[in-house]
Amino acid sequence: MDTDNKISRRSALKRIGATVVSGAFATSGLLKISSCTPSRGRRIIFYFTGTGNCLYIARQLAGEDGEVLSIPQMVKHGKYEFKADEIGIVYPIYGHMPPNMVREFIGKARLEAGYKFAVLTYGARKCDAVEIWDRISRKAGNGFDYIGTIIMVDNWLPNFDMNEQIRIDKHIPENLQKIKEDIAAQRRWHEPVTEEERQIHRDFLARTGLDPEVGFLMKSEKSFTVTDACISCGICTYVCPRGNYSLTPGGAETSGDCEFCFACIHNCPQRAIRFTEIKEVNPEARYRNEHISLMDLKMANNQGI
Ligand SMILES: Cc1cc2nc3c(=O)[nH]c(=O)nc-3n(C[C@H](O)[C@H](O)[C@H](O)COP(=O)(O)O)c2cc1C
Ligand code: SF4
Ligand code: SF4
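Rules used throughout
Residues numbered from 1 in each chain as written. Chains lettered and ligands numbered in written order. Predicted model: local features only at pLDDT ≥ 70, side-chain atom pairs only at ≥ 80, totals over all residues. Heavy atoms only, no water. Buried < 20%, exposed > 50% of the residue type's maximum accessible area, 1.4 Å probe, protein only. Helix = DSSP H or I, 4+ residues; strand = E, 2+ residues; numbered from the N terminus. Pairing = 2+ DSSP bridges. Right-handed = clockwise from strand over helix to strand, strands pointing away. Near = heavy atom within 4 Å. Nonpolar A, V, L, I, M, F, W, Y, C, P; charged D, E, K, R; others polar. Contact = heavy atoms within 4.5 Å. Axes fitted to C-alpha atoms, helices over the stretch in contact; angles between N-to-C directions. Expected span 1.5 Å × (residues − 1). Core = buried A, V, L, I, M, F, W, Y, C linked by side-chain atoms within 4.5 Å. Arc of directions from axis to C-beta. 1 Å grid on protein atoms, 1.4 Å probe; cavity = no way out; pocket = protein on both sides within 12 Å on 5 of 7 lines; lining within 4 Å. Points joined across faces, edges and corners; volume = space filled by probe spheres on them.

Trainee: Whenever I open this one, the pairing of strand 6 (residues 115–122) confuses me. Can you help?
Mentor: One face of the sheet, then the other: side chains in a regular strand alternate in exactly this way. Burial analysis of strand 6 places eight of its eight residues in the buried class, which makes it a mostly covered element. On strand 6, burial covers both faces: Tyr115, Phe117, Val119 and Thr121 on one face and Lys116, Ala118, Leu120 and Tyr122 on the other are all buried. Of the pairings in the sheet, the one linking strand 4 (residues 86–92) to strand 6 comprises seven bridges and is parallel in character. Within strand 6, the residue paired with glycine 88 across the bridge is phenylalanine 117. Where strand 6 and strand 7 (residues 146–151) come together, six bridges link them in parallel fashion. Following the sheet pairing, threonine 121 is matched in strand 7 by isoleucine 150. Following the backbone out of strand 6, through helix 6 (residues 129–139) and into the adjacent parallel strand 7, one traces a crossover that is right-handed.

Trainee: Looking at this structure, I do not really get the site of ligand 3. What am I missing?
Mentor: Contacts to ligand 3 come from 13 residues, most closely from Cys240, Cys258, Cys261, Phe262 and Cys264. Of the residues assigned to the shell around ligand 3, the class counts are ten nonpolar, two polar and one charged.

Trainee: Could you clarify how one ought to interpret the side chain of glutamate 191 in this entry?
Mentor: Note on placement: glutamate 191 falls in the loop between strand 8 (189–190) and helix 9 (195–208). Judged by its relative accessible area of 15%, glutamate 191 falls in the buried class. Sequence-distant contacts of glutamate 191, defined by excluding residues within four places in its chain, comprise Lys126, Val130, Ile147, Gly148 and Thr149.

Trainee: I'm lost on the site of ligand 2 in this one. Help?
Mentor: Neighbouring ligand 2 are 14 residues; Cys230, Cys233, Gly234, Cys236 and Cys268 lie closest to it. Here the shell around ligand 2 is built from residues that sort into eleven nonpolar, three polar and no charged.

Trainee: What exactly am I supposed to notice about the packing of helix 5 (residues 100–108) against helix 6 here?
Mentor: Viewed as axis vectors pointing N to C, helix 5 and helix 6 meet at an angle of 35°, and their least axial separation amounts to 8 Å. Listed contacts from helix 6 to Val102, Arg103 and Ile106 of helix 5 are Trp133, Ile136 and Ser137.

Trainee: Which parts of the structure should I look at to understand unusual backbone geometry?
Mentor: Apart from glycine, the bulk of residues carry a negative phi angle, and the bulk of peptide bonds sit in the trans form. Even without glycine at this site, histidine 96 takes up a positive phi of about 70°. Tracing the sequence through the fold places histidine 96 in the loop between strand 4 and helix 5. A positive phi angle, near 50°, is found at cysteine 127, a position not held by glycine. Following the sequence through the fold, cysteine 127 ends up in the loop between strand 6 and helix 6. Overall, cysteine 127 belongs to the buried group, its relative accessible area being 2%.

Trainee: Would you take a moment to explain helix 9 for this structure?
Mentor: It helps to recall that an α-helix has 3.6 residues per turn; residues three or four apart then point in one direction. Along its 14 residues, helix 9 runs 20 Å from first to last C-alpha, staying within 8% of the 20 Å computed at 1.5 Å per residue. Buried residues along helix 9 sit against helix 6. Downstream of helix 9 by one or two residues, glycine 209 has phi in the positive range, about 75°.

Trainee: Whenever I open this one, the sheet that holds strand 4 confuses me. Can you help?
Mentor: The strands that make up a sheet pair up through hydrogen bonds in the backbone, lying either parallel or antiparallel. The strand order across the open sheet formed by six strands is 2-1-4-6-7-8, and the pairing between neighbours is parallel. Each edge of the open sheet carries a strand with a single partner, namely strand 2 (67–70) and strand 8. The sheet contact formed by strand 1 (residues 43–47) and strand 4 spans five bridges and is parallel. Note on strand 4: the bridge partner recorded for arginine 43 is glutamate 86.

Trainee: Explain the nonpolar core to me, please; I cannot follow it from the model alone.
Mentor: For soluble globular proteins, nonpolar side chains are generally found buried alongside one another. Core analysis: the biggest nonpolar cluster contains 84 residues, and Phe46, Leu61, Phe105, Trp133 and Phe224 have the highest contact counts within it. Per element, the largest residue contribution to this core is seven residues, and it comes from helix 3 (residues 53–62).

Trainee: Just to check I follow, could you spell out helix 8 (residues 172–184) for this structure?
Mentor: The end-to-end C-alpha distance of helix 8 is 18 Å, a good match for the 18 Å that 13 residues give at a rise of 1.5 Å each. Buried within helix 8 are the following residues: Leu176, Ile179, Asp182 and Ile183. Down the axis, helix 8 shows its buried residues gathered within 120° of arc, on one side only. Of the residues in helix 8, the exposed ones pointing more than 90 degrees away from the buried face are Pro173 and Ala184. Just past helix 8, the residue glutamine 186 takes up positive phi, approximately 50°.

Trainee: Would you mind showing me how to read the pairing of strand 11 (residues 245–248) here?
Mentor: As paired elements, strand 11 and strand 12 (residues 251–254) share four bridges and run antiparallel to each other. If you follow leucine 247 over to strand 12, its bridge partner there is alanine 252. Counting the residues that bridge the hairpin from strand 11 to strand 12 gives two residues.

Trainee: Any chance you could explain the layout of surface pockets here in plain terms?
Mentor: Empty space left among the atoms is revealed by rolling a probe the size of a water molecule over them. Each pocket or cavity is described by its volume, and for the largest pocket that value is around 790 Å³. Looking at the largest pocket, it is lined by 34 residues, and the ones nearest its centre are Ile93, Tyr94, Gly95, Trp156 and Phe216. Among the secondary structure elements, those contributing two or more residues to the lining of the largest pocket are helix 3, strand 6 and helix 9. Take the lining of the largest pocket: its biggest share by element is three residues, from helix 9. For the lining of the largest pocket, the class distribution of residues is 18 nonpolar, twelve polar and four charged.

The following block contains the structure:
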């Protein structure tokens, strides 16, 4: 159910970090977050999300006092310098790799913190995602003390029926609690990876031909079509972190470099956006994390603000 009406724009902005665009980020230099608890210090968490899993985890890890900032908003506004006691990042793995925009962010960012942690969400098979992030982030000069993963609903439509996914108990509360405890203790640990997992990823790259330096960066006009069911509600124009949708007299149209985050296809109320590359398991089933509202996603990814 859409919970747009249950949350004010002001509180939504605060909770997803969009206020910083018009507020704290108007000033230049390193960002300092003023709210903090004396015991824990200042914590900033960056996130990227298509269907809300990562925003949910980011909020959970931020707690009452932490600041949760949207990577698409940081990239859009060219904000890359941050300082806090603890800095975290939460992103969904795509083919075991980070989204392209997350690579761009970490490549340009200067993150100053005594403790840095990364939590990668996934739906079925993480393979060597932890090592991939370790390599990418260290190369960018932003190595992380803690890198862990958490399994959530898998939003990859070609392999999974969303109606079935939401019924599977993936033990999210228990796994999240463990991560919270690790981070509270500032544990320095990278989740172990097996040689078999590395090999599966190598096979995946060979099979798909994806460039490991880029990951998923497609063309939205090649991957998605908009059907006559479109009612020009405009939701896709807000939830796309690359601003790939525009409204025309004939309905929504899409084009541009695409993260493959699936925010557009999952959030269209008419099921009017179809994936054209690979057949979907269930074209009628769509997903958004139960704790995340449509307004949250719009504010997280909207390229118009
Ligand atoms: C393009 C794409 C590729 C994905 N690749 C993987 C993968 O390799 N392994 C996996 O377990 N889940 C994969 N997933 C599932 C997501 O990582 C998972 O559902 C994630 O929690 C979504 O986070 P979000 O709701 O914040 O967007 C993929 C999803 C998409 C859209
Ligand atoms: S979200 Fe769906 S119905 Fe709304 S404008 Fe986009 S394609 Fe059309
Ligand atoms: S077009 Fe769809 S899948 Fe591509 S970046 Fe935009 S919302 Fe994500």
